[in-house]
Amino acid sequence: MRKKIVAGNWKMNTLPAEGVELAKGVAAGRGEVCSCVNFIVCPPFTHISEVAKALEGSDIAIGAQDCATEAKGAYTGEIAASMIAALGCKYVILGHSERRQYYGETSETLNKKMAQAYANGLTPIYCVGENLDEREAGKHFDVVKAQIEEVVYNLTEEQFANLVIAYEPVWAIGTGKTATADQAQEIHAYIRKVLADKFGAAADDCAILYGGSCKPSNAAEIFAKEDVDGGLIGGAALKAEDFLAIGKGF
Ligand code: PEP
């Protein structure tokens, strides 16, 4: 049985007190959603500690939105995987399209970040997805294949068993445009096949999340698809009520 996951990427939103309120709101309503759904919240680095305190005693996990390529040292402004693990994070989002696009993340940097995540016991949520030009040119399959081959194929079997993938078409992120449930299923099934080509039957156990304007009104239809195991949620994760309602989509 694959894990069902609803993960909230808060991005660069909320001040610490607002983040704590949001986390408390999610924890307060969590009981209304099937315990089979694994909720993860990914606050900005600055509030991880306080959010972790607010979520004590709940089953809501915490993730970071990124980590450094190096273990420690003279890397001004960077946050090491060991630091976020020490604050209670279990997950780390890596390769989000905003980091690829605005901060020049490449497969080379992501291989290093993945290694740091695993060395510190974190489960990466590795993001893949094509932009609009690539989708319109019919290149989306090749784009996600390369993003997987260049990074995920370098993992050991043991590391792969501890990986979550998020398929996020860049044209759907924060735009209000969502991939149709059929488009999501088509590419999720393809991603699973690419994973199976390297890791065999273990690919059946890998959770593949959909991300891109996922909201309460479309989550159920998307999550009903065989190869969609949940969502990575941006905008709708900033309202506890909407985030929880997405979880009810299972
Ligand atoms: C995201 O950036 O991971 C995301 C899915 O954002 P949104 O839900 O706002 O499209």
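Preceding this paragraph is the structure being described.
So, here's what we can say about the structure. (Residues numbered from 1 in each chain as written. Predicted model: local features only at pLDDT ≥ 70, side-chain atom pairs only at ≥ 80, totals over all residues. Heavy atoms only, no water.)

Time to look at the overall build of the protein. Within the protein one finds 11 helices and eight strands. Its C-alpha atoms give the protein a radius of gyration of 17 Å, near enough to 18 Å, the size a compact globule of 250 residues would have. When burial is assessed residue by residue, the protein has 52% of its 250 residues classed as buried. For the protein, contacts bridging at least 24 residues in sequence account for 72% of all contacts bridging at least 6. Carbon and sulfur atoms make up 51% of the accessible area of the protein, which totals about 11,200 Å². Side-chain charges in the protein split into 24 positive and 33 negative, and the spacing between the mean points of these groups amounts to 2 Å. (Helix = DSSP H or I, 4+ residues; strand = E, 2+ residues; numbered from the N terminus. Rg over C-alpha atoms; globule rule 2.2 N^0.38 Å. Buried < 20%, exposed > 50% of the residue type's maximum accessible area, 1.4 Å probe, protein only. Contact = heavy atoms within 4.5 Å. Areas by Shrake-Rupley, 256 points an atom, 1.4 Å probe, with all protein chains shown as cover. Lys, Arg positive; Asp, Glu negative; His and termini not counted. Charge placed at Lys NZ, Arg CZ, Asp CG, Glu CD.)

To continue, consider the side chain of Glu 168. Residue placement: Glu 168 occurs in the loop between β6 (164–167) and α9 (181–199). Despite being buried, Glu 168 has no salt bridge partner; Lys 11 is the closest side chain of opposite charge, sitting 6.6 Å away. (Salt bridge = Lys/Arg side-chain N within 4 Å of Asp/Glu carboxyl O.)

Moving on, we get to helix α11 (residues 240–247). Buried within α11 are the following residues: Ala 240, Phe 243, Leu 244, Ile 246 and Gly 247. In an axial view of α11, the angular spread of the buried residues amounts to 155 degrees, which keeps them on one side of the axis. Along its buried surface, α11 packs onto β1 (4–9), α1 (16–29), β2 (37–42), α10 (216–223) and β8 (230–233). (Arc of directions from axis to C-beta.)

Let's shift gears to α9. Between its first and last C-alpha atoms α9 spans 26 Å; for 19 residues at 1.5 Å apiece the expected length is 27 Å, and the two agree. Residues Ala 181, Ala 184, Gln 185, Ile 187, His 188, Tyr 190, Ile 191, Arg 192, Val 194, Leu 195 and Phe 199 constitute the buried set of α9. (Expected span 1.5 Å × (residues − 1).)

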